[in-house]
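Fold and geometry: a report
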Amino acid sequence: QQPVQSPQAVILREGEDAVINCSSSKALYSVHWYRQKHGEAPVFLMILLKGGEQKGHEKISASFNEKKQQSSLYLTASQLSYSGTYFCGTESTGSARQLTFGSGTQLTVLP
Amino acid sequence: EAGVAQSPRYKIIEKRQSVAFWCNPISGHATLYWYQQILGQGPKLLIQFQNNGVVDDSQLPKDRFSAERLKGVDSTLKIQPAKLEDSAVYLCASSPTVQDNEQFFGPGTRLTVL
């Protein structure tokens, strides 16, 4: 069962902040975040692991609420280059380290 | 470091024809994934290899799809025969190990079935 992302789309001006949420009905081991620009491959942003460990992008932060099986991606002081579709991929406990991706959040940053 | 290579980048075929996609992962990456991404959706895992063994192929439509990674390096995904609903981007990804599973994606192959 795929995670649910919200919002589906967001438009903001350069310099504004945005939050993208990802929610799962399964117990999670980790949450991965990727950004995909139109016609390109998804690019890794961040991994959040059960227990609090994080690995990823310097300018993007995220949180992982293990009890609620939710993660949020925080984009602060958005730049034009942040435009794209953001996907969360969830790894359930006991899933042989496979990711199930959400349907994505389309972020558009306007000048 | 060279990234994940995929070919061809685009393919147009008619339904009931066969097609094959090739993927060469990042050197040294033991784990290889094939995903199907339908327009407007997130990637959906088709099959996962660890070296030359299959870890999971539960979402692979085995009546028409097959994949192999014979020498534990590059991989081929085949569709035979193709259906209209197979139109999608087929993404290959690799990660260093199963434990360290930050995935690096290739550029994908965009398949159009007419």
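A quick note: this is a predicted structure, and the numbers were derived from the prediction, not measured.

Rules used throughout
Residues numbered from 1 in each chain as written. Chains lettered and ligands numbered in written order. Predicted model: local features only at pLDDT ≥ 70, side-chain atom pairs only at ≥ 80, totals over all residues. Heavy atoms only, no water. Helix = DSSP H or I, 4+ residues; strand = E, 2+ residues; numbered from the N terminus. Rg over C-alpha atoms; globule rule 2.2 N^0.38 Å. Contact = heavy atoms within 4.5 Å. Buried area = accessible area lost by both parts, 1.4 Å probe. Salt bridge = Lys/Arg side-chain N within 4 Å of Asp/Glu carboxyl O. Nonpolar A, V, L, I, M, F, W, Y, C, P; charged D, E, K, R; others polar. pLDDT = per-residue confidence, 0-100. Buried < 20%, exposed > 50% of the residue type's maximum accessible area, 1.4 Å probe, protein only. Lys, Arg positive; Asp, Glu negative; His and termini not counted. Polar contact = N/O pair within 3.5 Å; in protein donor to acceptor, adjacent residues only side chain to side chain.

A few words on the overall build of chain B. Looking only at helices and strands, chain B has 0 helices and 11 strands in total. Taken over C-alpha atoms, the radius of gyration comes to 13 Å for chain B, in line with the 13 Å a tight globule of 114 residues would show. Dimensions of chain B, computed from C-alpha atoms along their principal axes, come out at roughly 40 × 25 × 25 Å.

Bringing the interface of chain A and chain B into the picture now. The interface is formed by 18 residues belonging to chain A together with 22 residues belonging to chain B. When chain A packs against chain B, close to 1,500 Å² is buried across both sides, 51% of that on carbon and sulfur atoms. Contact with chain B buries surface across chain A, with A:Arg97, A:Gln98 and A:Phe101 losing the most and accounting together for 35% of the total. Where chain A touches chain B, the interface holds 0 salt bridges. Those elements that provide at least two residues to the side of chain A that touches chain B are strand S4 (28-36), strand S5 (43-49) and strand S9 (84-92) of chain A. Of all the elements, S4(A) adds the most residues to the side of chain A that touches chain B, at 3 residues. Of the residues belonging to the side of chain A that touches chain B, the class tally is 9 nonpolar, 6 polar and 3 charged.

Let us now look at the confidence of the model for chain A. Scored by pLDDT, chain A has a mean of 90; 95% of the residues are at 70 or more. The secondary-structure element of chain A with the lowest mean pLDDT is strand S6 (residues 54-56) of chain A, recorded at 70, while strand S11 (residues 105-110) of chain A shows the highest, at 97.

The next point concerns the side chain of A:Arg35. Residue and element names in this part refer to chain A. With respect to the secondary-structure elements, Arg35 resides in strand S4. Comment: no salt bridge for buried Arg35; closest opposite-charge side chain is Glu40, at 8.0 Å. Polar side-chain contacts of Arg35 include one of 2.9 Å to the side chain of Tyr86. Aside from chain neighbours lying at most four places away, what touches Arg35 is Ala41, Pro42, Val43, Leu45, Ile60, Ser81, Tyr82, Ser83, Thr85 and Tyr86.

This part takes up the side chain of B:Ser75. Residue and element names in this part refer to chain B. Residue placement: Ser75 occurs in strand S8 (residues 75-79). With relative accessibility at 2%, the residue Ser75 sits in the buried group. Within the structure, Ser75 has its side chain in polar contact with the backbone oxygen of Glu68 (distance 2.9 Å). Excluding residues within four positions of it along the chain, Ser75 makes contact with Phe21, Trp22, Cys23, Leu32, Trp34, Phe49, Glu68 and Arg69.

Let us now look at the pattern of salt bridges. Residue and element names in this part refer to chain B. Counted under the stated rule, the structure contains 2 salt bridges over all chains. A salt bridge links Asp57 to Lys62; its shortest N-O distance comes to 3.7 Å. For Asp86, the salt bridge identified is with Arg64, shortest N-O distance 2.5 Å. Of this pair, Asp86 sits in the loop between S8 and strand S9 (88-95) while Arg64 sits in the loop between strand S6 (53-56) and strand S7 (65-68); the two residues are 22 residues apart in sequence, bridging distant segments of the chain.

Right, let's talk about unusual backbone geometry for a bit. Of the consecutive residues B:Ser7 and B:Pro8, the connecting peptide bond is found in the cis state with omega at -10 degrees. The topology assignment puts B:Pro8 in the loop between strand S1 (5-7) and strand S2 (10-13). Unlike most non-glycine residues, A:Ala77 shows phi in positive territory, near 50 degrees. As for its position among the elements, A:Ala77 is in the loop between strand S8 (70-75) and S9. Positive phi outside glycine occurs at B:Arg16, with the angle close to 80 degrees. Take B:Arg16: it is sitting in the loop between S2 and strand S3 (19-24).

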